[in-house]
Amino acid sequence: MSEFAARRKELLDAMGDGVAVFPSAPLALRNHDVEHPYSQDSDLYYLTRFDEPESVLIVTNQHDEHECVL
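Residues numbered from 1 in each chain as written. Predicted model: local features only at pLDDT ≥ 70, side-chain atom pairs only at ≥ 80, totals over all residues. Heavy atoms only, no water.

Draft legend 1. Looking closely at the pattern of salt bridges. Under the definition given, this model contains 2 salt bridges. The shortest N-O distance in the salt bridge between Arg7 and Glu3 comes to 2.4 Å. Separated by 4 residues within a single helix, Arg7 and Glu3 lie in helix H1 (residues 3-15), roughly one turn from each other. Residue Lys9 is joined to Asp13 by a salt bridge in which the shortest nitrogen-to-oxygen separation is 3.3 Å. Pair noted here: Lys9 and Asp13 are both in helix H1, with a separation of 4 residues, about one helical turn. (Salt bridge = Lys/Arg side-chain N within 4 Å of Asp/Glu carboxyl O. Helix = DSSP H or I, 4+ residues; strand = E, 2+ residues; numbered from the N terminus.)

Draft legend 2. Quick look at the side chain of Thr60. As for its position among the elements, Thr60 is in strand S2 (residues 56-60). A distance of 3.0 Å separates the side chain of Thr60 from the backbone oxygen of Gly18, its partner in a polar contact. The residues contacting Thr60, other than those within four sequence positions of it, are Leu12, Met15, Gly18, Val19, His66 and Glu67. (Polar contact = N/O pair within 3.5 Å; in protein donor to acceptor, adjacent residues only side chain to side chain. Contact = heavy atoms within 4.5 Å.)

Draft legend 3. Examining H1 more closely. Taking 1.5 Å of rise per residue, 13 residues should cover 18 Å, and H1 covers 19 Å from first to last C-alpha, within 8% of that figure. Within the sequence span of H1, burial applies to Phe4, Arg8 and Leu12. Along the axis of H1, the buried residues cluster in a sector spanning 80°; they form a single face. H1 presents Glu10, Asp13 and Ala14 as exposed residues on the side facing more than 90 degrees away from its buried surface. Of the surrounding elements, those touching the buried residues of H1 are helix H2 (42-48), S2 and strand S3 (68-69). (Expected span 1.5 Å × (residues − 1). Buried < 20%, exposed > 50% of the residue type's maximum accessible area, 1.4 Å probe, protein only. Arc of directions from axis to C-beta.)

Draft legend 4. Summary view of the pairing of S2. Direction of pairing for strand S1 (residues 19-23) relative to S2: antiparallel, over a ladder of 5 bridges. Within the sheet, the bridge partner assigned to Phe22 lies in S2 and is Leu57. Examined bridge by bridge, S2 and S3 share 2 bridges and lie antiparallel to one another. Of the residues in S3, the one forming a bridge with Val59 is Cys68. (Pairing = 2+ DSSP bridges.)

Draft legend 5. Geometry of unusual backbone geometry. Backbone geometry places Arg49, a non-glycine residue, at a positive phi of 60°. For Arg49, the position within the fold is in the loop between H2 and S2. A positive phi angle, close to 55°, is found at Glu54, a residue other than glycine. Here Glu54 is to be found in the loop between H2 and S2. Residue class for Glu54 comes out exposed when judged on its relative accessible area of 73%.

This is the structure in structure tokens:
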């Protein structure tokens, strides 16, 4: 099990019944047409190491087969 899968499993064990939603950080514009270097939301990065904008992680104990969906 990877380090990130272990972190998601720990979250699942701690949260009981429910759903957790982790949206990615938005893109930040420096000027009207130039973006700042992208920096992912800390929680999403901690759980997945996924560094792409416009993404969402959903973690739930409500479905056995799909506990984590990115």
